[in-house]
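Next come the chains, spelled out residue by residue.
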Amino acid sequence: MVAALEAAKNAKSPIILQMSQGGAAYFAGKGIDNKDQTASIAGAVAGANYIRSVAGVYGIPVVLHTGTAFALHRISNMAKTSY
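Model, not experiment: these values are computed from the prediction.

Conventions we followed
- Residues numbered from 1 in each chain as written.
- Predicted model: local features only at pLDDT ≥ 70, side-chain atom pairs only at ≥ 80, totals over all residues.
- Heavy atoms only, no water.
- Axes fitted to C-alpha atoms, helices over the stretch in contact; angles between N-to-C directions.
- Helix = DSSP H or I, 4+ residues; strand = E, 2+ residues; numbered from the N terminus.
- Parallel < 35°, antiparallel > 145°, perpendicular 65-115°, else oblique.
- Left-handed = near helix turned anticlockwise from the far one by under 90°.
- Contact = heavy atoms within 4.5 Å.
- Patch = residues over 30% accessible without salt bridge, like charges linked within 9 Å, V, L, I, M, F, W, Y side chains within 5 Å.
- Areas by Shrake-Rupley, 256 points an atom, 1.4 Å probe, with all protein chains shown as cover.
- Salt bridge = Lys/Arg side-chain N within 4 Å of Asp/Glu carboxyl O.
- Phe/Tyr/Trp six-rings, centres within 6.5 Å; stacked < 30°, edge-to-face > 60°.
- Buried < 20%, exposed > 50% of the residue type's maximum accessible area, 1.4 Å probe, protein only.
- Pairing = 2+ DSSP bridges.

Some points on the packing of helix α1 (residues 2-11) against helix α3 (residues 38-58)
- It is at 11 Å that the axes of α1 and α3 come closest, and there the two elements cross at 25°. In this view, α1 runs roughly parallel relative to α3, as classed from their interaxial angle. Where α1 crosses over α3, the two elements pack in a sense that is right-handed. Here V2, L5, E6 and K9 of α1 come into contact with α3, specifically with Y50, I51, V54 and Y58.

Now the structure itself:
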């Protein structure tokens, strides 16, 4: 993510970052079990929070795209209750 943000900043270009289920699980860490997409959802929430935290510093528009990779109601529930 950081390399993509830095490249977009250098190019003075907006960027769309995609987070897949596997990428989100990786962001959460390999030690977290992905049963019932637990690691994927936790990683997606953590990744979105990270992007939200640093996007403004880069001075470019940033869109985070998760597509249809996740059950959105589960992400929303985890974000509200756990993260």
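Observations concerning a nonpolar patch on the surface
- Side chains of M1, V2 and F27 sit close together on the surface and give an oily, nonpolar patch of about 220 Å² of accessible area.
- Locating F27 in the fold gives a position in helix α2 (residues 21-28).

Some words on the packing of aromatic side chains
- Enumeration according to the criterion identifies one aromatic pair in this entry.
- Aromatic pair F27 and Y50: ring centres 6.3 Å apart, planes at 50°, arrangement tilted. In this pair, F27 sits in helix α2 while Y50 sits in helix α3, placing the two residues 23 residues apart along the sequence.
- We classify F27 as partly exposed; its relative accessible area is 35%.
- Residue classification places Y50 among the partly exposed residues on the basis of a relative accessible area of 29%.

A closer look at the pairing of strand β1 (residues 15-18)
- Only one face of β1 is buried: it carries I15 and L17, and the other face, with I16 and Q18, is open.
- In this structure, β1 lies alongside strand β2 (residues 62-65), joined through four bridges in parallel fashion. Each residue of the ladder has a partner; that of I16, found in β2, is V63.

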